[in-house]
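So you can see what is in the structure, the chains are spelled out below.
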Amino acid sequence: MKKSNLFLTLMVTVLIGAYGCSSSSMMDDSSSASMMPSIEPKPVTEANPPSPDPRVGLKAGLFDAGEASWNLNMLSQTPPPEDFVGVTNSDLAFKGNYAIQGNYNGVVVWDVSNPRSPELVVDYLCPASQSDVSVYGNLLFVSGEGLGGRLDCGTEGVQETVSEERLRGIRIFDITDIKEPKYVSNVQTCRGSHTHSVLKDPEDDENVYIYVSGSAPVRPNEELPGCSSAMPDEDPNSALFRIEVIQVPLDNPEEAAIVNSPRIFENLEAAPTHGMAPADKAALEKAKEEGAFTAVIFGQERVIPGQYVRMILSNVAQQRAGEGAEPTAADSAYVRENIQMMVDQQFGVGGDDEEDERGPNQCHDITLYPEIGLAGGACEGYGLLLDISDPANPVRVDAVADSNFSYWHSATFSNDGSKVLFTDEWGGGGQPKCRETDPYEWGANALFTINENNKMEFQSYYKLPAAQTPQENCVAHNGSLIPVPGREIMVQSWYQGGISVFDWTDPANPVEIAFHDRGPVDSTRMQMGGSWSVYWYNGMIINSEIARGMDIFELEANPLLTQNEIDAANTVKLDYLNAQGQPMFEWPTTYALAKAYVDQLARDKEMGASEISALRSGIAKAEKSSGSDKSALLTELAGGIDTSGSAKAGKLAQTLRDLASM
C-alpha cells in the first residue's frame, strides 16, 4: 500500500471516531456492514455472461415468443393500438413524461409516468414511411418519404405518379396539448425525409434547424418545382449529393423553409465494399438451383422476389397475347434471358453509370452534438464528421470508409466527444446478418477516437455476440448512451437480435454487460420484428418493438454495473430527447455520484481494499451527519485522497468537496 493510501485509511478511521462522538449516530457493526455493497464491482474484462447463451433456441411467436434476459428487468410490454397492429413501429422521441413512437401508420403517444403501466395518450393516424419523430418545445416533427403519404393524412394513399396531394418531407405538429396534436405545416423536399435531425443552436433561441436525410428517388419537377435528378455536373441544382437544412422559426413554424442544401459529399469516391457472406452465397446458389431469377443490383447478384417476377411475367404475357393471357414457358425463358435489362430499367441503374463511381449522395442519420459543435454523419459508404458551429452551413471535417462496412447507418458520441461509434446496417435491416457464419466485422459497430485535429482513428468493432437464426432480421441499429458517470455504456437495438448493453469506455475492447432477446416472430420464415430503437430516458430503457409495441426495462445491479452507478445515472434528468440529437450529460452533486466513483476505483483497482473500505465508511458516516460535522468530514475525506495518478480519484475528491459545501 502506498504511503498516501495508508494515510487515508488511518485518517478516515480517526475521523469517523471523532465525528461519530459528536453525533448521536455512532456506527455499530450492523451499520458498518450496510456500507459494504451487496455486489462487489468486477472489471468488465471479467464479465461472465450466461453459458450456454440463453438467446439461442428461443421459442418463436409474435406475442408469446420465448425471452431471455441478463442484467435487465422488464417493467412492461405494451402492444400497439388497434390501428397500428401489424404496421411497422419506427423510432422514438421523448418529452416530459411522454414517449412518442413513430409508426408507418402515424404517431402514438404514451404516458410513461408509471413505467410498469404506460397509458395510451393518443394514436394519431397519418400514414407515411417511416414516420421518424423528433420534438422541440411544443413542436413535433415527423418524417415522410414514401409515395403514399398524403398532405391531409388520409389513409387512401396516392396513386398518381404526379400529385399535389403527396407529402414527402417534414410534417410539423403543435403539441401544446399533446392529447390533440395540431398539424400546422409541412416542408416538402425533393427526396422526402427518411430520417431527420433537430438542431438547437445554443446561440439562437428564435429558431431550430432540421437536417433532412432522404434516400428515395428524386420526385418529378412537375410535382415539386426545382427538383432535378441530373448529376450535379449537368445541373448545379441537382437534388442528388446533398442534404437539406430547414429553418423553423419557433414563434411561427408555419414559415419553416429550406435555407440551405449543403453538398457535404464533395470529392468523395465510391467506398470499398465486401462481397457476399458465406451463408448468402450458399442461399443464392441453392435458389438458382431451384430456378430462382437473379440479377445484379448495386454490384451484387441477388434473388429477384417472386412477386416481382410474377408481375414481369404477367406483363410479358399480356404484351404478347392481350389482357388476361397466362405466361407460357417461352415467356419465362424470355424473362430469364432479359431480366437484368428489365431490372436496370426499373431501378434506373446499370450501364456506365457515373454515380457508381462517386461517393455517397445522401446520409441515413446525422447525430448532432451541439455542445461540442460536431455531428456524426452516417452516409451510405462513409462515416463523416461535420462542423455544425454554423447550424445552417454544416462543413465536413473528416470522412472514413471501411470495406467491412456495407451501409453506415447511425452515430453516437462519447459524452466528452473524444470518441464516436458508427453502426453498419448491412442488409438494410430486413435480412438476417447475425448468423453463426457471418463475419464479426460485418453488420457491426465501428469505434473511433477523435484526435485534436478532429480526425477519426479506428479502434475496434463490436457486434452482438449471440448467433441468430435465418428467420431473424438482425444487424446493428439505433441506441443511446446510458449516463453512467465516468464510463461509456450504450444500449442498442439489433432488430430480432434484441437489445444489447455494452461498455466501450475502452474503445479497443468493448464488452457486453446486459441483454434482452425474444425468439423469432415466425419459426419457418423471416417476418419483420424486433427492436427498431432503444434509448435510456430518465432511468428507463424504452424499446420500440417493430411488431410487438413498446417495452420498458430497468437496469439490474450486477458486478459490472453497481447499484451506486445506476443510482448516479438516474440522477440525470432530461426534459426531452431525440434519436439524432445527443445531449451532454451532467451529473448533479450527490452521494450516489461519490459512491459510484468509489465503486469504479475498486473495479479498476486504483485503490486498495482497505482504502476503498475506509472511503465507503466515511461517506456513509457523512451521509448520516449534518451541518459542520458533515462538511468537516467530507472535506477531510477529500483531502486524504491521492489524486496524483488517477483522474477518477480527482473526480471523487471534487465531488466530496462539492458535497461538503452544500
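As a reminder, the structure under discussion sits directly above these lines.
Below you will find a few notes about this structure.

Scoring rules and cut-offs
- Residues numbered from 1 in each chain as written.
- Predicted model: local features only at pLDDT ≥ 70, side-chain atom pairs only at ≥ 80, totals over all residues.
- Heavy atoms only, no water.
- Helix = DSSP H or I, 4+ residues; strand = E, 2+ residues; numbered from the N terminus.
- Buried < 20%, exposed > 50% of the residue type's maximum accessible area, 1.4 Å probe, protein only.
- Pairing = 2+ DSSP bridges.
- Axes fitted to C-alpha atoms, helices over the stretch in contact; angles between N-to-C directions.
- Parallel < 35°, antiparallel > 145°, perpendicular 65-115°, else oblique.
- Left-handed = near helix turned anticlockwise from the far one by under 90°.
- Contact = heavy atoms within 4.5 Å.
- Nonpolar A, V, L, I, M, F, W, Y, C, P; charged D, E, K, R; others polar.

### What about unusual backbone geometry?
Note that the residue after Ser 51, namely Pro 52, is joined by a cis bond; omega there is 0°. Along the chain, the position of Pro 52 falls in the loop between α2 (29-35) and β1 (67-70). Note the cis peptide between Ser 129 and Gln 130, where omega equals 0°. Relative to the helices and strands, Gln 130 is located in strand β7 (residues 130-136). A positive phi angle, close to 60°, is found at Phe 241, a residue other than glycine. In this structure, Phe 241 sits in the loop between β12 (207-213) and β13 (244-249). We classify Phe 241 as buried; its relative accessible area is 5%. One non-glycine residue with positive phi stands out, namely Asn 538, at about 50°. Position of Asn 538 relative to the elements: it lies in the loop between β29 (531-537) and β30 (540-545).

### Digging into the sheet that holds strand β9 (residues 169-174)
One key point about sheets: their strands pair by backbone hydrogen bonds, in either a parallel or an antiparallel sense. With antiparallel pairing, the four strands of this open sheet are ordered in space as β7-β8-β9-β10. Each edge of the sheet is formed by a strand with only one pairing partner; in this case those strands are β7 and β10 (182-188). Averaged over neighbouring strand pairs, the angle between their axes works out to 25° when direction is ignored. Two strands pair when backbone bridges link them, and β9 and β10 are joined in this way by six bridges, in the antiparallel orientation. Along β10, the bridge assignment pairs Phe 173 with Tyr 183.

### Considerations on the packing of helix α8 (residues 609-624) against helix α9 (residues 627-639)
In contact at an axis separation of 9 Å, α8 and α9 are set at 160° when each is read in the N-to-C sense. Judged on the interaxial angle alone, α9 and α8 are roughly antiparallel. α8 and α9 meet at a crossing whose hand is left-handed. The residues of α9 that touch α8, namely those facing Leu 615, Gly 618, Ile 619, Lys 621 and Ala 622, are Lys 630, Leu 633, Leu 634 and Leu 637. The residue inventory of the contact of α8 with α9, partitioned by class, reads six nonpolar, one polar and two charged.

### Here's the deal with the pairing of β30
Counted residue by residue, β30 has six buried out of six residues, so it is predominantly covered. Neither face of β30 is open: one carries Met 540, Ile 542 and Ser 544, the other Ile 541, Asn 543 and Glu 545, and all of them are buried. Two elements, β29 and β30, share six bridges in a ladder whose sense is antiparallel. Within β30, the position partnered with Tyr 537 by the bridge is Met 540. Once β29 ends, the chain turns through two residues before running back antiparallel as β30, passing Asn 538 with a positive phi of about 50°. One ladder, built from five bridges, connects β30 with strand β31 (residues 549-555); its direction is antiparallel. Bridged to Ile 542 within β31 is Ile 552. The hairpin turn running from β30 into β31, its antiparallel successor, is three residues long.

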